[in-house]
Amino acid sequence: RAVDSPAAFASDPRQARADGLPPPRTAEDVKAILSDAKIYRPEATITTMVLNGSARRLEVWCATRSAGSQPLYSWDLDTFFS
């Protein structure tokens with residue numbers, strides 16, 4: 001069975017919750033979805049990562065919700081690989 005198979009998430013209620021919310025239009029919307037009480041689980045979520053292609057940034061939160069908080073790490077993708 002493939003690791004990235006959608007069938008692997010068929011019984012995960014977090015995916016159904018994310019699918020039931022309005023589609024995100026901004027990075028803030030993505031953070032709000034990932035921080036939703038039925039999606040983010042403090043006892044199970046190690047990191048939250050948001051790759052924002054428009055802003056050319058990768059932001060990482062550890063052990064905290066991404067909505068309303070500053071990332072622990074934030075990288076500028078224009079200079080990350082140079």
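Quick note: structure is the one above.
Everything quoted here is computed from the prediction, not taken from an experiment. (Residues numbered from 1 in each chain as written. Predicted model: local features only at pLDDT ≥ 70, side-chain atom pairs only at ≥ 80, totals over all residues. Heavy atoms only, no water.)

Colleague: I'd like a description of the overall build of the protein, backed by residues and values.
Modeller: Scanning the protein from terminus to terminus reveals three helices and three strands. Ordered by position from N to C terminus, the α and β elements of the protein give α-α-β-β-β-α. When the backbone C-alpha atoms are referred to their principal axes, the protein occupies close to 40 × 30 × 25 Å. When the 82 residues of the protein are sorted by exposure, 20% land in the buried category. When contacts within the protein are restricted to residue pairs at least 6 apart in sequence, long-range pairs at least 24 apart make up 22% of them. Carbon and sulfur atoms make up 56% of the accessible area of the protein, which amounts to about 6,100 Å² in all. (Helix = DSSP H or I, 4+ residues; strand = E, 2+ residues; numbered from the N terminus. Buried < 20%, exposed > 50% of the residue type's maximum accessible area, 1.4 Å probe, protein only. Contact = heavy atoms within 4.5 Å. Areas by Shrake-Rupley, 256 points an atom, 1.4 Å probe, with all protein chains shown as cover.)

Colleague: If you had to explain unusual backbone geometry to someone new, which residues and values would you point to?
Modeller: The phi dihedral of Arg 56 falls on the positive side, at around 60°, and the residue is not glycine. Backbone geometry at Ala 63 places phi at a positive 60°, although glycine is not the residue there. Inspection of the secondary structure assignment puts Ala 63 in the loop between β2 (57-62) and β3 (73-76). Take Ala 63: its relative accessible area is 65%, and that puts it in the exposed class.

Colleague: Go over the side chain of Ser 35 with me, naming the residues and quoting the values.
Modeller: Along the chain, Ser 35 falls in the loop between α2 (27-34) and β1 (47-52). Residue class for Ser 35 comes out buried when judged on its relative accessible area of 10%. Residues contacting Ser 35, with those up to four places away along its chain left out, are Tyr 40, Arg 65, Ser 66 and Ala 67.

Colleague: Hey, could you go over the environment of Arg 56 for me, with residue numbers and the actual values?
Modeller: Turning to its location among the elements, Arg 56 is positioned in the loop between β1 and β2. On the accessibility criterion, Arg 56 (42% relative accessible area) is partly exposed. With 25 residues separating them along the chain, Arg 56 and Lys 31 place their C-alpha atoms 16 Å apart. If near-sequence neighbours (up to four positions away) are discounted, Arg 56 is found in contact with Trp 75, Asp 76, Leu 77 and Asp 78.

Colleague: Run through the sheet that holds β2, naming residues and quoting values.
Modeller: Across the sheet, three strands lie side by side as β1-β2-β3; this open sheet has antiparallel pairing. Single-partner strands in this sheet number two, and they are β1 and β3. Taking each pair of neighbouring strands and ignoring which way they run, the sheet shows an average axis angle of 10°. With six bridges connecting them, β1 and β2 associate as antiparallel partners. In the sheet register, Thr 47 faces β2, and the bridge partner there is Cys 62. (Pairing = 2+ DSSP bridges. Axes fitted to C-alpha atoms, helices over the stretch in contact; angles between N-to-C directions.)

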